[in-house]
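The lines below spell out each chain.
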Amino acid sequence: MLNGKRALVTGSTSGIGLGIARALAAKGASVMLNGFGDAAEIEALRAGLAKEFGVTVLYNGADLSKSDGAGDLVRDAEARLGGVDILVNNAGIQHVSKVEDFPLERWDAVIAINLTSVFQAIRAAMPGMKARGWGRIINVASAHGLVASVDKSAYVASKHGVLGLTKVVGLETAELDITCNAICPGWVLTPLVQKQIDARAAAQGVSVEQAGRDLLSEKQPSKKFTTPEQLGDLAVFLCSGAAANMTGTSLTMDGGWTAQ
Ligand code: NAD
């Protein structure tokens, strides 16, 4: 279904980004991976995906907190993959702190990676998509793009910002065969969330398993984690013909979190 398409997935060395990169590769897209991690592990991941799905898989470890790191990443993907038809802005970080204690440096880092890099990547990828007359932009926002939680001022602000940006880009490209949509996951058991579960277990003196159950039951009525595989399938749907007239919108996959 995606044979011949070229996808760039930011933050795809683990978690949700990796799930989405796998799903796109499984449908025949060539993929550029991005993100941090152990060099040998990333190379094994890259080579493994290429072999499993018979597609080109490249890697660029650009740091998206750097000034126009995302733009440089897009330009490298265009040069080495031949273009970016599918852009998945997924890289993201979290910092948890009361607003009065929130370090400005952490605020800046969260906004830079979660929001500014999304703008920079879209800005860099748009001319190529327009020239080719086709593009799919998928921004991984969060349930926190729609509702808030305490202690996550920068994260919630950044994800609400991503939904606003998604709407603008959807409107600017509405008459073209380019769509821009956001995905809003609830809890997904990835390293980003495992850190929060571990911190919660330590703070409350309960087991990690109990802390994971508490985390789910507080927000996610299904009491089940959304999986990277489910989010990968949603990304594939957004690239399909069925979603060609969906743009500027957000799709939740949050076990009922934002229905409350
Ligand atoms: P993760 O920590 O497993 O993965 C994050 C990825 O981003 C990794 O590949 C990491 O190396 C990369 N990354 C981090 N900082 C980077 C930087 N400066 N430059 C380049 N890459 C960088 O996290 P995840 O849970 O898979 O999160 C992925 C996205 O999903 C994030 O945008 C996050 O906000 C969002 N999200 C996650 C959840 C959840 O429950 N896990 C829920 C809603 C939304």
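Data block above holds the structure.
Only a predicted model underlies this, so the values are computations on that prediction, with no experimental measurement involved.

A.B. asks: Can you help me understand the site of the ligand in this one?
C.D. replies: The environment of the ligand is formed by 31 residues, the closest being Ser-14, Asn-90, Tyr-155, Val-188 and Thr-190. Contacts to the ligand include Ser-14, whose side-chain N or O atom sits 2.7 Å from an oxygen atom. Phe-36 places a polar main-chain atom, nitrogen or oxygen, 2.8 Å from an oxygen atom of the ligand. When isolated, the ligand has an accessible area of 830 Å², and the protein chains bury 93% of it. At the level of secondary structure, the elements contributing two or more residues to the shell around the ligand comprise α1 (15-26), α5 (153-172) and α6 (191-204). The biggest single contributor to the shell around the ligand is α6, with three residues. Residues that form the shell around the ligand fall into these classes: 16 nonpolar, 13 polar and two charged. Of the residues that make up the shell around the ligand, three or more belong to each of domain 1 (6-186 + 227-253) and domain 2 (187-225).

A.B. asks: Which parts of the structure should I look at to understand unusual backbone geometry?
C.D. replies: Residues other than glycine predominantly adopt negative phi, and peptide bonds predominantly adopt the trans conformation. One non-glycine residue, Asp-68, lies in positive phi territory at about 50 degrees. Inspection of the secondary structure assignment puts Asp-68 in the loop between β3 (57-60) and α3 (69-81). Although it is not a glycine, Lys-223 adopts a positive phi angle of roughly 55 degrees. Of note, Lys-223 is situated in the loop between α7 (208-219) and α8 (228-239). When its relative accessible area of 54% is taken as the criterion, Lys-223 is described as exposed.

What counts as what
- Residues numbered from 1 in each chain as written.
- Predicted model: local features only at pLDDT ≥ 70, side-chain atom pairs only at ≥ 80, totals over all residues.
- Heavy atoms only, no water.
- Near = heavy atom within 4 Å.
- Polar contact = N/O pair within 3.5 Å; in protein donor to acceptor, adjacent residues only side chain to side chain.
- Areas by Shrake-Rupley, 256 points an atom, 1.4 Å probe, with all protein chains shown as cover.
- Helix = DSSP H or I, 4+ residues; strand = E, 2+ residues; numbered from the N terminus.
- Nonpolar A, V, L, I, M, F, W, Y, C, P; charged D, E, K, R; others polar.
- Domains from an automatic or database assignment.
- Buried < 20%, exposed > 50% of the residue type's maximum accessible area, 1.4 Å probe, protein only.

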